[in-house]
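Here's the letter readout for the chains.
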Amino acid sequence: MSNDTFFGVQIAFRRYRDDASRARLHDIITRSLADQGLPEKRAFWKNVVALLKGNAPHFEYGYWDFIRGEAAEGEFESWSSEIEAGLATESEEVGAGPDEVHRLANAIGDPRFVIVSALFLIDGGTNTDRTLGERCDLPEASYFKQTTFARLADSIPLMNFANVRADAVYVAPGSEKDGITELELREGWPHLKPLER
Amino acid sequence: MKPPRTAAEIDLRPFELRWHGATVEGEGARWWNESVAVRNPFITGDSTSRRQALLVIGGMVAVGVVANLARCDLQSDPQVSMEALKVQQQMGWNAGEESRSLIFTLRASPTDAGGRQVGPDSMTTLWSAMRPVQAAWVPYYIPTLFRSLADERSGSLRGQMSLVHTDAMDQAFGRGRAMADVFGVAGAPDDVALVIDLPGPEAVALAAGLSVRFEPVWLFDNWPHPLGVVPSHLVLGAVLYYRSLLEESAGTRAVSPAAGAVDGGSAEGAARPVRPPPMFVLDSNRLAPYHDAADQFDNRYLARLPSAQALRAAGYRRVLYVRTHDGVGAQLRELDDLNDDFVAYGQGGVDVRIVSADAFQLDAALAPAAPPSYVWGGSPYLHTYFWHSYGWSTASPARPSYVGLARSFGSSAGADYRPVARPTMFSSRTVGGLSGVGKQRPSGFGLVSVRQSASGRITAVGAGRSGSFGRMGSSSFG
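As the structure is a prediction and not an experimental result, all values here were calculated from the model.

The final tally for this structure, using the stated rule, is 23 salt bridges over all chains. As a salt-bridge pair, Asp 298 of chain B and Arg 300 of chain B come within 2.7 Å of each other at their nearest N and O atoms. With respect to class, Asp 298 of chain B is no different from Arg 300 of chain B; both count as buried. It is possible to trace a salt-bridge network through shared partners that takes in Asp 4, Glu 73 and Arg 165 of chain A.

Turning our attention to helix α6 (residues 146-155) of chain A. Residue and element names in this part refer to chain A. Within α6, 7 of the 10 residues are buried, which leaves it mostly tucked inside the rest of the structure. Among the residues of α6, those classed as buried are Gln 146, Thr 148, Phe 149, Ala 150, Leu 152, Ala 153 and Ser 155. For α6, the secondary structure elements touched by its buried residues are β1 (4-14), α2 (38-54), β2 (59-68) and α5 (127-136).

One pass over the full model with this rule turns up 33 aromatic pairs over all chains. Geometrically, the ring pair formed by Phe 44 of chain A and Trp 31 of chain B is edge-to-face, given 5.2 Å between the ring centres and 65° between the ring planes. Of this pair, Phe 44 of chain A sits in helix α2 while Trp 31 of chain B sits in strand β2 (residues 26-33), each in a different chain. With a relative accessible area of 2%, Phe 44 of chain A lands in the buried category. Residues Tyr 143 of chain A and Phe 144 of chain A carry aromatic rings whose centres are separated by 6.5 Å and whose planes lie at 90° to one another, so their mutual orientation is edge-to-face. Overall, the relative accessible area of 7% leaves Tyr 143 of chain A in the buried class. Taken together, the aromatic side chains of Phe 6, Tyr 63, Trp 64, Phe 76, Trp 79, Tyr 143, Phe 144 and Phe 149 of chain A together with Trp 32 of chain B make up a single cluster linked through ring pairs. Above the plane of the ring of Phe 144 of chain A lies Lys 193 of chain A, whose end atom (NZ or CZ) is 5.7 Å from the centre. Positioned above the aromatic ring of Trp 127 of chain B is the side chain of Arg 147 of chain B, whose terminal nitrogen or guanidinium carbon lies 4.6 Å from the ring centre.

Turning our eyes to something else, we now look at the sheet that holds strand β6 (residues 192-198) of chain B. Residues and elements named next belong to chain B. Within the open sheet, the 5 strands sit side by side as β7-β8-β6-β9-β10. Their pairing is parallel. Where the open sheet ends on each side, the last strands, each with one partner, are β7 (215-218) and β10 (351-356). Here the strands of the sheet are splayed against their neighbours by 25° on average, with no regard to which way each runs. Looking at chain direction, strand β9 (residues 318-323) and β10 are connected through 6 bridges and run parallel. For Arg 323, the partnering residue across the bridge sits in β10 and is Ser 356. Where helix α11 (residues 200-210) meets the sheet, its contacts fall on β6, β7, β8 (278-283) and β9, and the angle it forms with β6 comes to roughly 150°.

It is worth spelling out the nonpolar core at this point. In this structure, Phe 146, Ile 196, Trp 218, Phe 220, Phe 280, Leu 320 and Trp 387 of chain B are the most contacted members of the largest nonpolar core, which totals 102 residues. Sort the elements by how many residues they give to this core and helix α12 (residues 232-253) of chain B lands first, with 10 residues. Not counting the four nearest positions on each side in its chain, Leu 320 of chain B is found in contact with Phe 183, Val 192, Ala 193, Leu 194, Val 195, Arg 353, Ile 354, Val 355, Phe 386, Trp 387, Tyr 390 and Trp 392 of chain B. Counting 64 residues, the second-largest nonpolar core is a separate cluster that includes Phe 66, Ala 150 and Ala 153 of chain A together with Trp 19 of chain B.

This part covers the confidence of the model for chain A. Residues and elements named next belong to chain A. When the pLDDT values of chain A are averaged, the result is 82; 85% of them are 70 or greater. Across chain A, the secondary-structure element scoring lowest on mean pLDDT is helix α4 (residues 100-108), at 43, and the one scoring highest is strand β3 (residues 113-123), at 94. Between residues 89-109, whose pLDDT stays under 50, and residues either more than four places distant or in other chains, the model counts 25 contacts.

On to the pairing of strand β4 (residues 164-172) of chain A. Here is the key point about a regular strand: its side chains alternate between the two faces of the sheet. Residue and element names in this part refer to chain A. Among the 9 residues of β4, 9 are classified as buried, and the element is accordingly described as predominantly covered. Bridge analysis of β3 against β4 gives 8 bridges, and the strand direction is antiparallel. Of the residues in β4, the one forming a bridge with Ala 118 is Val 169.

Residues and elements named next belong to chain A. The N-to-C vectors of helix α1 (residues 21-31) and α2 enclose an angle of 175°; their axes lie 10 Å apart at closest approach. As judged from the angle between their axes, α1 and α2 are roughly antiparallel. Across the interface between the two elements, Ser 21, Arg 24, Leu 25, Ile 28 and Ile 29 from α1 touch Phe 44, Asn 47, Val 48 and Leu 51 from α2. Of the residues contributing to the contact of α1 with α2, the split by class is 6 nonpolar, 2 polar and 1 charged.

Attention shifts here to the environment of Gly 86 of chain A. Along the chain, the position of Gly 86 of chain A falls in helix α3 (residues 71-87). For Gly 86 of chain A, a relative accessible area of 23% puts it in the partly exposed group. Residue contacts for Gly 86 of chain A: discarding those within four places in its chain leaves Glu 25 and Lys 86 of chain B.

The sheet built from 7 strands is open, its strands ordered β5(A)-β2(A)-β1(A)-β3(A)-β4(A)-β2(B)-β1(B) with antiparallel pairing. Two strands bound the open sheet, and with one partner strand each, they are β5 (193-194) of chain A together with β1 (15-23) of chain B. Pairing between β1 of chain B and β2 of chain B: 8 bridges, direction antiparallel. Counted as the bridge partner of Glu 16 of chain B is Trp 32 of chain B from β2 of chain B. Here α5 of chain A sits on the sheet in contact with β1, β2 and β3 of chain A, set at roughly 130° to β2 of chain A.

Cut-offs used in this document
- Residues numbered from 1 in each chain as written.
- Chains lettered and ligands numbered in written order.
- Predicted model: local features only at pLDDT ≥ 70, side-chain atom pairs only at ≥ 80, totals over all residues.
- Heavy atoms only, no water.
- Salt bridge = Lys/Arg side-chain N within 4 Å of Asp/Glu carboxyl O.
- Buried < 20%, exposed > 50% of the residue type's maximum accessible area, 1.4 Å probe, protein only.
- Helix = DSSP H or I, 4+ residues; strand = E, 2+ residues; numbered from the N terminus.
- Contact = heavy atoms within 4.5 Å.
- Phe/Tyr/Trp six-rings, centres within 6.5 Å; stacked < 30°, edge-to-face > 60°.
- Lys NZ or Arg CZ within 6 Å of the ring centre and 35° of its normal.
- Pairing = 2+ DSSP bridges.
- Axes fitted to C-alpha atoms, helices over the stretch in contact; angles between N-to-C directions.
- Core = buried A, V, L, I, M, F, W, Y, C linked by side-chain atoms within 4.5 Å.
- pLDDT = per-residue confidence, 0-100.
- Parallel < 35°, antiparallel > 145°, perpendicular 65-115°, else oblique.
- Nonpolar A, V, L, I, M, F, W, Y, C, P; charged D, E, K, R; others polar.

Next comes the structure, spelled out in structure tokens:
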């Protein structure tokens, strides 16, 4: 039986005019593509979290999960495969004009959300597992508060990455020109919940 | 192909990049910590033996991830589970089953409800034609199913489509008209939104009947498939059958002062055009039973309704949920994926009640030769006291004896329903003794097995989650 722990968090924050958060996330990911050592991994996530924390007042939607035991690895695989499939646009689609749904969406709302997903598969029973477990042990009423997501983000640099079996980060949209409207967010990420302030 | 790394390299940089993608949709990266594998007692020696041992272990515990690890060693792409809709949107509506045809188990009609022929344009434009008139409800409209007909790879789907028209749909349509009439009787509240949750074609027919008074907000969130668990092509056939009628209703409904009349309000209220209330239309077959089988494609999906806050903001403090009795003596209640929503409605100040569609019965007092007419409880007298039975009437009861009868009938037809939290496969869950938040969609729900290349491209589709694979030609991608 697997003894892993899955920790996943998705945050949608509002992107204001001239905000460079998405571009900076792009830089962080692009510069860190090579195989990584533990110090590099830690630095990578510190940079991602610092950028997220800078947008904490603008966190508007989110979702998170913390699962221990045999379902953990499947959950990591499920999250990552679904998100990656959503990003697997064929090359001929890239650069094509927006379809009618996008036109409709853009007519209804300004493109202004960035969605960041962070996933971890952690060795069960380790200090990292215990620390995350304590930080995720929250009253149910707090699950979907803005402050909770800031706390969850803060938990990431506390990990000892030697205890992390796998990790992943995803950012949407994929370019500065494209944006995610509130309608697209609701339709494309229906599980994301509005966060209480 | 990247050569296997040595143990020293892994010790220095244990995180190995396994996936990276960057498109207009988004970008991301996924790494795997190889040093954890080093600690595994089954694995010794150099990197080659470590990789081989991983294959053995992975075969026992996690096909998807280990297949990923083995990408360089196996001739096939890794097998992963993927959302059925995503697969169809990438591969085409009949992904993996291009040689199979849809099976229309229901009666087809050569013409629509208005007696007209339906051309291909009616299919490709269906998704935009069914968009709510009121902008407030557009964000909740789910055009997914209708858009399957507009996809450029759906020529064979359009070619196989038939208009669906059955006796059960006619009954549902009549019941919809009767239900609309109930909202016109004295004392009817004007802050009620409907949620219709019937088998697809009947849901569409009931909505068509109600469309004289209510604005449909369609919530069909999947694509049809030749082996689909949910027979959504029948829903499409029903919508195409009623399309012209629905469009006509939208045109007249938008300027109708009906609600001004039903709320018994002032003359000023009766004279001004008002907003038609929404009806959210669901296919109860979305949660059809499924067992991981090679001859089924899991195109099930979950309902997505507005929050209590959104309903209240739009002026709706009551929801009437339209169901049918599942069996004799069966208790009326919401489908499992709506339990959390309805409980939240109750907590958020939105009252929820159920009305059984089959509580609208043929008027027994009509002459045999008269056209069929449905009334609540099968009696025009009970029909008048519908709102009293729900405790939602804004008028004083004039005939206590009928009110008593209506309440008695209503209690068995959904008036006594109150949403109560209950464990379902869609409930939030707690794992490992710690607080956790469950995904609304349970693991394995609405997923199919695919083989996926390193670039994220699907190369094969299996019908069941663990079913056999039909190899897809690369020509699918142009």
